[in-house]
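The chain contents come next:
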Amino acid sequence: MTTSPAPLPNIAVLEEIERRILWLAVRMVDYANRRGDTEIKVGGHQASSASMASIMTALWFGHIGGDDKVAIKPHASPVYHAIKYLTGELDRSYLTRLRDFGGLQSYPSRTKDPDVADFSTGSVGLGAVAPLFSAAARRYVDAHYGTRPPSRFISTVGDAELDEGNVWEAIADPALQGLGNVMLIVDLNRQSLDRVVPGIQAQRLQRFFAEAGWHVVEVKYGGKLQAAFSRPGGDALRRHIDDMPNERYQSLFAVEGPELRERFLEDATPVLRRHIAAIPDGELGDLIRNLGGHDLAALIDAYRAADAVPNRPSVVFAYTVKGRGLPIAGDPMNHSALLSPAQIDDLRAAMGFTAATEWDRLDPDGEAGRLVASVGARINNDPPAPRPRLALAPSSGAAQKPTTSTQEAFGRVLVEIGKRPAMAERLVTVSPDVAVSTNLGGWINAHGVFSPSEAVDYFGPDRLLRWIPGPGGRHIELGISEMNLFLLLGQLGLAHEHHGEMLLPVGTVYDPFVLRGLDALIYSLYNDSRFIIAGTPSGVTLAPEGGAHQSSITPSVGLELPGIVAVEPAYAQTVDWLLSEAIGDLAEPGGAGRYLRLSTRPIAQSPFNAALERRGEEQLRADVLAGGYRLREPGGGEPVVLAAAGPVMPEVVAAAEMLAEEGVGAVVLDVTSQDRLFRQWHGGLRSAARSAAVAGGPGHLATLIEEGERAAPIVTIHDASPHSLAWLGSVFGQRVVPIGVDRFGESGTIRDLYAAMGFLPEQIVNSALVALEL
Ligand SMILES: Cc1ncc(C[n+]2csc(CCOP(=O)(O)OP(=O)(O)O)c2C)c(N)n1
Ligand SMILES: [Mg+2]
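Residues numbered from 1 in each chain as written. Chains lettered and ligands numbered in written order. Predicted model: local features only at pLDDT ≥ 70, side-chain atom pairs only at ≥ 80, totals over all residues. Heavy atoms only, no water.

Draft legend 1. Structural context of unusual backbone geometry. Between Thr-536 and the following residue, Pro-537, the backbone shows a cis peptide bond with an omega angle of -5 degrees. Along the polypeptide, Pro-537 turns up in the loop between β10 (532-535) and α22 (554-560). If you check the backbone angles, Asn-311 has positive phi at about 65 degrees while not being a glycine. When its relative accessible area of 60% is taken as the criterion, Asn-311 is described as exposed. Positive phi is not limited to glycine here, since Asn-439 has a value of about 70 degrees. Mapping Asn-439 onto the fold places it in the loop between β7 (427-432) and α18 (441-447). The partly exposed category is assigned to Asn-439, whose relative accessible area is 29%. (Helix = DSSP H or I, 4+ residues; strand = E, 2+ residues; numbered from the N terminus. Buried < 20%, exposed > 50% of the residue type's maximum accessible area, 1.4 Å probe, protein only.)

Draft legend 2. Molecular detail of the site of ligand 1. Surrounding ligand 1, one finds 18 residues, the nearest of these being Ser-48, Lys-73, Asp-159, Gln-191 and Lys-322. Here an oxygen atom of ligand 1 and a backbone polar atom of Gln-191 are 2.8 Å apart. Note that an oxygen atom of ligand 1 is positioned 3.5 Å from one of the side-chain N or O atoms of His-335. For ligand 1, whose accessible area on its own is 590 Å², the fraction buried by protein is 76%. Here the shell around ligand 1 is composed, by residue class, of three nonpolar, nine polar and six charged. (Near = heavy atom within 4 Å. Polar contact = N/O pair within 3.5 Å; in protein donor to acceptor, adjacent residues only side chain to side chain. Areas by Shrake-Rupley, 256 points an atom, 1.4 Å probe, with all protein chains shown as cover. Nonpolar A, V, L, I, M, F, W, Y, C, P; charged D, E, K, R; others polar.)

Draft legend 3. Broad picture of the pairing of strand β15 (residues 638-645). Within β15, six of the eight residues are buried, which leaves the element mostly enclosed by the surrounding structure. The sheet contact formed by β15 and strand β16 (residues 664-671) spans seven bridges and is parallel. When the bridges of β16 are listed, Val-641 appears paired with Val-667. After leaving β15, the chain enters helix α26 (residues 649-661) and then returns to the sheet as β16, a path that is right-handed. (Pairing = 2+ DSSP bridges. Right-handed = clockwise from strand over helix to strand, strands pointing away.)

Draft legend 4. Broad picture of a negative patch on the surface. Together, Glu-16, Asp-363, Asp-365 and Glu-367 make up a region of like negative charge exposed at the surface. Turning to its location among the elements, Asp-365 is positioned in the loop between α14 (341-351) and α15 (367-374). (Patch = residues over 30% accessible without salt bridge, like charges linked within 9 Å, V, L, I, M, F, W, Y side chains within 5 Å. Salt bridge = Lys/Arg side-chain N within 4 Å of Asp/Glu carboxyl O. Lys, Arg positive; Asp, Glu negative; His and termini not counted. Charge placed at Lys NZ, Arg CZ, Asp CG, Glu CD.)

Draft legend 5. Representation of helix α6 (residues 202-211) within the structure. Residues of α6 that are buried include every one of Ala-202, Leu-205, Gln-206 and Phe-209, and no others. Seen end-on, α6 carries its buried residues on one side only, within an arc spanning 100 degrees. Residues of α6 that are exposed and point over 90 degrees away from its buried face: Arg-207 and Glu-211. Considering only its buried residues, α6 is in contact with α5 (165-172), β3 (182-188), β4 (215-219) and β5 (314-319). Backbone geometry just downstream of α6 places Gly-213 in the positive-phi region, at approximately 90 degrees. (Arc of directions from axis to C-beta. Contact = heavy atoms within 4.5 Å.)

Draft legend 6. Region of the structure containing the coordination of the magnesium ion (ligand 2). The coordination sphere of the magnesium ion (ligand 2), as far as protein atoms go, consists of Asp-159 (OD), Asn-189 (OD1) and Gln-191 (O), spread over 2.0 to 2.2 Å. In terms of primary sequence, the donors binding the magnesium ion (ligand 2) are separated according to D-x29-N-x1-Q. Taken as a pair, Asp-159 in the loop between β2 (153-158) and α5 and Gln-191 in the loop between β3 and α6 lie far apart in primary sequence, 32 residues in all. Of the two residues, Asp-159 and Gln-191, neither departs from the other in class, the shared state being buried. (Donors = N, O, S within 2.8 Å, 3.2 Å for Na, K, Ca; no water.)

Function cannot be inferred from these measures alone, as they are strictly geometric.
In structure tokens:
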């Protein structure tokens, strides 16, 4: 672990830096809101920033170093940018571009801010624990590639972020235990957005952390209060403040002088009254508000106390005042409050600035200027390392059964790819307690389960699944938390940037529960991470498993999310091509992750083999990767297009054969990635609209739907919401009859469920005949 320099920095110098940070942060928000060039409120958080000025000053200029990784409380982004400006890492022009297009983002963003590299934040609770997952990724990387220079993984969080369940899912997971290089600093201002949090019960939260194996540090009182406590009657003062309800304590921030004294002393004991009598009116407010989260020395001590405990993550509860140092301090409605122009003028004058000097950096020759120049630079600011390229064969060559499911094929392909050392050493699988039921067993048997230390094998070697965790394992098993799954995949997918080694993360999850972790999935993609997920099993095709496990809206989620390409193969070889390509793409510049929607239904591979023979391997593979291929050619007759995806393919092929008997020539399209088809079509339209010229075409769809078929109706068949493929009709202006799942599911056989949804061959035939009649 990195050790902090022993002597405490000069606190008066740090206080000067803190004042400058506070002013710049507040003025940045003020400026953005007074630009007057937008039609809606710009916003920004002066009170939330003020709450964090001391915590961040003590952290940046009294504690951390260049290898540390830090997540910033979303609503303190102005404080962060002020720091980066003072250290010389952010150009002055950005200070007047907060929340501006191309300027500083409202919340710290790895991808859009010029000075953030470690973690984006914004959706409360996620950035809060991202450093914990990054530390877990580091532990994995160290175990497999050798220990690298140590980093600390630090998170600054708002107290209301601890309302989010994902925080507790993370701290409770055994896979995230024992990470001594993690420190979470809670800005405990007892306020959230709407309110003063009633009886926040900080003690209870602290117990939760302690129970989960964390080291808890409390920074409750500043030096002045602590000194007062040690004087005669000090115990009574401490008890009075400790016992006071939050709301009452906060209400005292708005008053001063005799009124403050009177309200503070309501129901006070005579001992306390005597103690307080010695304090002049002018000093009472400063004393009562003297919380530890604004005492720089106390904060640095707390950070050091956290570092001093190895093998356990630490949480620092820093008691703060929301809006501290501003006229809105402690006001229950201060979350979005902005200082008035007059208040800004007063604050500027009180800080000793003029309109000419207010944006200045610290004097480079002064002690504060020298300190900011000497520390902090490069922290949270490293340029991303380029990804190493991977040479991957187009196909794994895994042998597949004549009748098999896409989930089974997925497991076999992974095992085969894992036989190549160059791949095996970078691939890491993750699952929230569903490794076996998502077919990761073969991979796990070959590569083991990861844990930082060796485990004892109590069960002996003669088992179907060898589950003996150790530091060489390449599968990380999580508890049943899909939030944890996506947060961990996100951080593993950034390993080359944060830890200097590229990983190829593959996660498996029951498809409906992608939605359970959706915000974490979005968060990880928003952070520009890449990984592969297999959502399996999916749809109503898992029939007897029942309605609670059936997914119907996930294809839309996959299609609509940037940074990940949704694919839904039906046949084993298409799984192979798509997965092989996906793994290679994780390393490509401009590449993306993949979301494979899979099924446990075994289907005969013969229709695919016929298509393979007809089209040839190279061409068919190119089609599959482009988004689809013609699975069955029509034999003549009135044309109709059957466009389908996934495990419904046997019914669709059977329907095409029945239609042939009625003189209808049905082409069957196996849509392997409607995401890719949609993006090609839509991308062409968008660039045509931008250049005001019709250019290009619909991309691969022009190959899939031949000219003579473009006036024919389309029937879409998808074990998903019927709207998901319905857009296909817009490409060439064809009528569409979409068949899909539009209600909550239930148990049954595949035939029962398919009959209920209209997926049986004769039902598809009827839909096609309807389409022809329309
Ligand atoms: C997931 C999510 N839900 C709601 C919000 C809206 N929101 C923004 S700030 C906030 C309260 C934050 O309170 P806290 O974390 O204590 O921060 P501070 O008091 O320091 O501003 C809420 C509810 C959000 N950003 N993310
Ligand atoms: Mg708060």
